[in-house]
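So the chains spell out like this:
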Amino acid sequence: TYNNETLTCFTFGLSSALWGRSTTLSAITKLSVACVSPSACIFCSSSGAGGWSPMVTDQEPWLQVDLREQMEVTAVATQGRYDSWDWVSSYLLLYSDTGRAWKQYRHEDGVGRFVGNGNSETIVQNKLSHPVRTRFLRFVPLDWNPSGWMGLRVEVYGCSYKSYVADFDGRSSLLYRFNQKSMSTVKDVISLRFKSHQAEGVLLHGEGQRGDYITLELHRGRLDLYLNLDDSRARFSSHRVPVTVGSLLDDQHWHSVHIERFNKQVNLTVDSYTQRFQTKGEGHSLEVDYELSFGGIPLPGKPGTFLRKNFNGCMENLYYNGINVIDLAKRRKPQIHSGNVTFSCSQPQLVACTFVSSSSSFLSLPSASPGAGGFSIRFQFRTWNPEGLLLSVQLNPDPQKLRLQISNSWLRLTLHISDGLWHSVSLDARNLQITLTVDNEPSSTIELWEQVQSRGSFYFGGCPATAPDCQGFAPAFQGCMQLIFINSQLMNLSHVQQGLLGNYNELQFDTCNIKDRCLPNLCEHGARCSQMWSSFSCDCSGTGYAGATCHNSIYESSCEAYKLSGSSSGFYFIDPDGSGPLGPTQVYCNMTEKKVWTVLSHNSTAPVTVQTSSLQKPHVMIFNYSASAEQLRAIVSGSEQCQQEVVYNCRKSRLFNTKDGSPLSWWLDREGEKRSYWGGFLPGVQQCSCSLEENCIDMNYFCNCDADTDTWANDTGVLSYKDHLPVSQIVIGDTDRMGSQAVYHIGPLRCYGDRSIWNAASFYQESSYLYFPTLQAELASDISFYFKTSAPSGVFLENQGLKDFIRVELSSPSVVTFSFDVGNGPAVLSVKSHVPLNDRQWHYVRAERNAKEASVQVDQLPLRFLEAPADGHLRLRLSSQLFVGGTASQQRGFLGCIRSLTVNGVSFDLEERAKMTPGVSAGCPGYCTGSSSLCHNRGRCVEKSNGYICDCSQSAYGGTTCNQEVSVSFDRESSVTYTFQEPFSVMQNRSSQASTSSTDSRAREDVALSFVTSQRPAMLLTVSTFSQQYIAVILATNGSVQIWYHLQTDKKPDVFTPTPSNLADGRLHRIRIHRVGKNLYVQVSNTELILIRSLTLGKVARMEHFDEEVIQGASKGFIGCLSSVQFNHVAPLKVALTNRGSSLVTIRGPLVQSNCGALAESHTLQGKTSTSMTLMIYLFRLTNTRKDLAVIAVVFITVCALAVVIRLVYQQRRAQRSSGSIKEEHRHSMYTDYRTELHLHNPVRDSVKEYYI
C-alpha cells in the first residue's frame, strides 16, 4: 500500500506511457507505471525499485508522462532512483494536451521552479496552487546531485473530470435561443474554458432592444468584456470602454473564464485573476432579445453589434446560468442552433521555440533548396524586449550582409512590435529588390544594384561565437518564434531539437515560455507597468508616489512632519497613511503658532442665511471637504486634538423645542449620525456653550436662541470631540415664523499634533517585548522608526512564518541589519555607520521590501539596496505575531527607546501597548523627547547630561535653536563656491545589485534659498558636475526666474520659467526646488547628477559648458542679498561664514554678512496698510524625456508679512569692499568645521518634501 491505497503496477509500452530523448530509451524501457484512477499514478519497477535516469551524454533530458486522457492534476511527488546517488534537486513541470505544444507551470507568485529531492529515498510532494487539466506532463531537471546523476521516480495526483468540447473554425457559432422574446436577468453566471492560437475573436454576444448588450471578446491576446445595463450614453456612444483581464491568451492552451453578475456588481475571472467592477447606467437587469451567440456574431450590422472576428479555437464546458450549452448542442436540442461546429478539438498545434538568453541564444538553419532567384524568409515572433536581433544572413556577392532587428521597439516599417503579441515577418530577396512585410501592413522595398543570394546559414535570434561578423549589432532576441519558412519550406523544429537539422544554443523547444510580468500589476497606487523579458518597471508619474513599485508617498504624513523638516506655513499635500491606499490630500498648514494646525476647508465658507424652513421642509446643507471621508478619518484619528467652530446667530429661531426638548435643528457627524449638542469636547445632552459656561442670556434655557426673542442672539461653540468630527451636514428647522431668521457658519476642521511622531516606548528588560497582529505585507512593506540606546545590539522588530521571516535589528554598535526570507533564501542588508549608534541619541531607520528590490536607510547614511531575483518568490507569508523590541524566543531583546513606528503607513500605538506590558514603559525619558520642537529648520536635538543643545550643522540656519537666518550681501564680483570633498552623486551608494531603472528613481535634489535684488539678469545658483551636467537658477532679463536642468549632455537643457513676474523688485522671495527620482509632479529626464564637483552662488568663473542665456546671467553675477541657502544637506553660505580658510569654500569679491532674511520689507510697504501671503505653484514637463522619467517640482513663495507683525525695519547695508574678506557680526559657538557635516546624523529625512499643490 502507498498512502493507504493499494497500487497495482502494470507495464505500459514506451509510446503510450512515457519517453525522453532518444539516448534515454534504454533507461526508460525499464520503467513501469501504476495508476489508481482517478486519484494517483506512480512510476515504479515490478519489484518496487528502479527509476528513470538519462544517459550522461544527453543534452537537456526530460521525463514525459502520458495520463491516457485529460485529467485534473492537483499535485506531483518525486523520489530519486532506487538505492543510488541519483536524484533531482529541482525541476520544471510542463504540461500539454497533445504532447506537442507545452506550457510551463508556474505557482501563484510566478515561480516555475519545483523543489526536488535531497536524497534518493525521501518522497517530496509539491501541491499545485492551481490545478491543471492536461493529458501530458513533462519533468525537466534543473539541478541534481553533484556527486551522482539525475534519477527520478514520480507520482501524479489528481482526478478525472467530464469534458464537453466544441470546435469553432472562425466562421461557426452556437446560438442559444430563449423560450420567450427576451430574457431579463438580475443575476448571471457564465463559465467556459477556451484555447486558441488567434489573438482576436468573439466568445459571447447578446443584445436587446433597450440597448443592453454583453460581449466577451478575445482582443490582442487579452479578454475584453463589454457590458451595458440601460445606459443611454454607452448605447449611443461610438467608443465603448471594455473591462480587460488576462494576457497572452492566444497561446494554444486552455484558459478558464468565469463571469458573475448580481445587479450592477460584476466579477470577471480569467484563470486565477479577478477583476471586480460596477456597471454604469441606471439598470440593474440585463435584457437580451431572442438569443445569445457563442463563438461569434452571426448577423453583423444589427444595432449595437461589434464588427469583430469570430472565434477560432475550442471551447469546453460552456455554461450559461447553469445550462450546459455544448451538451444541448451535441444532443441537437431545439433551443440550440449550431452552425459548422464540431464536438472535438482538432485545432492545429503550432510548435514554437523560446530564445532564453539575451547574450547567447541563437537558431541556425541551412538554406532550403537555394535557387538562383534569391531567397525568402517567413516566420512569426513575439517578445517584450525593445531590442533584439531577429535574423542575420551573409549574402553573395561578398561582403554583403542582411540583418533584421528590433530597435527601440520598432521595425523599419514603424510597426510597434514589443507588445507580447505574435507578429508575422516576410522577407523576400528577388528581382533586384528586398521586400519586407510585417503582419498585414504595406510592404517596404529596397532596390538593389545586383542580384543577391544567401551564403551559409540563416541565424535567427542571435549568432554563435564562431560567426564574428554577426556579433555586436544588437542583443540576442528574447522571445518566441514559430512557423519558420525558408524558401517556402517549413522548418521542422523537432529535427533541430534532435540534432538532425541546423544548430542552436539556449533554446526551449515545443513551448513559448513568454511571461507577462505585469499580470498581476505589482505597481502600486495606479501606476503603469511596463516590462521586458526578465523584468518590469513602474511609471509613477502623477500618482504622488515614488520607488521601484510606486510604494512610497512623496508627501509627508502631517503638517507636524513638514514643520520638523523646516517648512513654513502654506498649502501642502499630506498623505495621512503614507504608503497606504488613501492617497494624498491638500491642506493648509498653519505654523505661525506654537502648535502646528492642519486646516481642512469645505464648500461653504461664507455665512448662510436661512428663512422659511420647518421640520417638514428643513434647510439642509451638506459639507464637502477637500479630503475624502477615509482621509478625514485618518487625519482626525492621527491628530492629538481637533476642533470645529459652529456659529449660530438667531432671531426667533430656536435650536430645541421648549415644550418637549426635541431638537429643531441639528448636525450630522462624519458617520452621518444625528447630533444635537452645540459645543464642548464631550457629546453631552442637548445644550450649547453658554450653558457649559453658565452665561446664557436666560438661565431658564440651555441655549441663547431658545429664549426665542425678537432680537438677535448668538450660540457659538467649538466642537472638539474627535470621534464626531468633522460636521458633514447641518439641518435648520425653525425659521418659518413671522420675523424668524437664522445665520450660521461652520468653520473649517482644525487639528493639531501628530500622535505617531512622539509615540514612544522604553524597553528595560532584554526579555520584554511588545506584540501586535501579524504584518500584512505579502508583496510590499515599509517599516520606519526612531531609536536611541546605549546597548551594543538588540532586535527592533521581528515577524516569522513557517519558513519566511522579516527582522530589523541593531547587530552591532554601528550596524543596523534588515533581513528577510520570502522563499528564496535569507536576504541580508546592512548599513554601517562610521560612528556608534548606541550613543543615546535618536537615529532614524527605514526598511522597505517590494517585488523589485529591498532597501534600508539609517539617518542620512547612503541607502543600501538589494535587487530581487527575476523569477524568485514574491510573497512574504507570515503567521506569528509581530514582536517589537524583542523576539519570540525572548533573546537578543532591545534595550532603549523606540518611537514613531510605522508599517505600510499604519502607526503603531506603542504607548498604549506598553502600559500593559512588564519590562516596558510608555514614553521615553530625555529632553529631546516630546512634541515641542526644540530645534528648528532641520536642526538636531542632542541630549546632554544637564540639558540639550541644537546641532545646526545640517541646517541652513544658525543660532542656539537653528532659527537664525544666515544671510550675505553680494556685489557683482562676489561669489561663494563650495567644492565637495570627493565627487559626490546626488544618488549616493548605488548598489551594484540595483537595477538601472531603480537607480534612476532614487536621484534627487532639494534646493532652497531666499534672495533680495533689483538686478536683472542675475545668477543665483549653479551646480556643476565633472560630466558637464549642471543646474542653474537665474533671473532673466525681464526679472523672471529661470531654472535650467542640463542632465543629458547630448540633448538641449530643459528650462522652466515659473512666472513672468519680475522678482528683481527689491523684495524678499523664497525659492524651493525639489526633484526626487522620476516621480514627482511632472516628467523630468531620468538622469541623475553624477559626480557633482561644485556649487556656486553669484558670479561664475568657469562657464565653458553652460548655455548662452546661462552664461549671460553668470557673467552679470548677483547684486543683493542671499539667505538660508540649502542644497540637500549642504548649507554653502553658512560654511563660508563659519569656516574661514576652509579648503571646501572659495570666496571671490567682497561679501558682507547681513540679516536681510530676517527683516521685513518696510520700504516696499509704504502707503499700504496690509498685504497678504501669496503662494505660487508651478508644474513643468521636460522635453528631453526617456522611458523612465524623473520629476521636478518648483515651488515659489512670495512672502509679504502682515503689517501688524512687522517688528523690524529693513536697512540696506552697503558692501564694505575689501578683497575677499568677510565681516561677521557674530558667530555661534555651536558652529563646527563643515568638513564633518557630511557625516552627521539627522533624525529627519534628508529630503525636505514641501508641496503646496
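Residues numbered from 1 in each chain as written. Predicted model: local features only at pLDDT ≥ 70, side-chain atom pairs only at ≥ 80, totals over all residues. Heavy atoms only, no water.

Per an unreviewed UniProt entry, the protein goes by Contactin associated protein family member 5 and derives from Oreochromis niloticus. Under the Subcellular location (unreviewed entry) heading, UniProt states for the protein: "Membrane". Under the UniProt heading Sequence similarities (unreviewed entry), the note attached to the protein is "Belongs to the neurexin family." (UniProt positions renumbered as here; feature names shortened; annotations may be inferred.)

Q: Quick question: what am I supposed to make of the overall build of the protein here?
A: Looking only at helices and strands, the protein features 12 helices and 85 strands. Expressed as a percentage of its 1253 residues, the buried residues of the protein come to 58%. Within the protein, contacts between residues separated by at least 24 positions form 73% of all contacts whose residues are at least 6 apart in sequence. (Helix = DSSP H or I, 4+ residues; strand = E, 2+ residues; numbered from the N terminus. Buried < 20%, exposed > 50% of the residue type's maximum accessible area, 1.4 Å probe, protein only. Contact = heavy atoms within 4.5 Å.)

Q: I would appreciate a short explanation of helix H11 (residues 1108-1116) in the present structure.
A: For an α-helix, the turn length of 3.6 residues means that residues three or four places apart are oriented alike. Within H11 the residues assigned to the buried category are Val1110, Gly1113 and Ala1114. Each buried residue of H11 sits inside an arc of 100° when the element is viewed along its axis, so together they form one side. Contacts made by the buried residues of H11 are with strand E72 (1018-1025), strand E73 (1030-1035) and strand E74 (1041-1046). Two residues or fewer past H11, Gly1117 is found with a positive phi of approximately 65°. (Arc of directions from axis to C-beta.)

Q: Quick question: what am I supposed to make of the UniProt feature "domain: EGF-like" (unreviewed entry) in the protein here?
A: As recorded in UniProt, the feature "domain: EGF-like" (unreviewed entry) lies at residues 514-551 and 925-963. In the segment residues 514-551, helix accounts for 0% and strand for 26%; the C-alpha atoms at its two ends are 27 Å apart.

Q: Honestly, the packing of aromatic side chains in this entry has me stumped. Any pointers?
A: Each aromatic ring pair is described using two quantities: the centre-to-centre distance and the angle formed by the ring planes. Under the defined criterion, the tally for this structure stands at 33 aromatic pairs. Taking 6.0 Å as the distance between ring centres and 85° as the angle between the ring planes, the aromatic pair formed by Phe381 and Phe477 counts as edge-to-face. Of this pair, Phe381 sits in strand E26 (residues 375-382) while Phe477 sits in the loop between strand E32 (453-460) and strand E33 (479-486), and the two are 96 residues apart along the sequence. In this structure Phe381 comes out as buried when scored by relative accessible area, which is 0%. Among the residues examined, Phe477 registers a relative accessible area of 1% and is labelled buried. Seen from their ring centres, Tyr504 and Phe509 are 4.8 Å apart, and the 85° between their planes marks the pair as edge-to-face. Overall, the relative accessible area of 15% leaves Tyr504 in the buried class. Through a chain of ring-to-ring contacts, the aromatic side chains of Phe355, Phe379, Phe381, Phe460 and Phe477 assemble into a single cluster. Taking NZ or CZ as reference, Arg138 lies 4.2 Å from the ring centre of Trp102, over its face. Positioned over the ring face of Tyr771 is Arg913, at 5.4 Å from the centre of the ring. (Phe/Tyr/Trp six-rings, centres within 6.5 Å; stacked < 30°, edge-to-face > 60°. Lys NZ or Arg CZ within 6 Å of the ring centre and 35° of its normal.)

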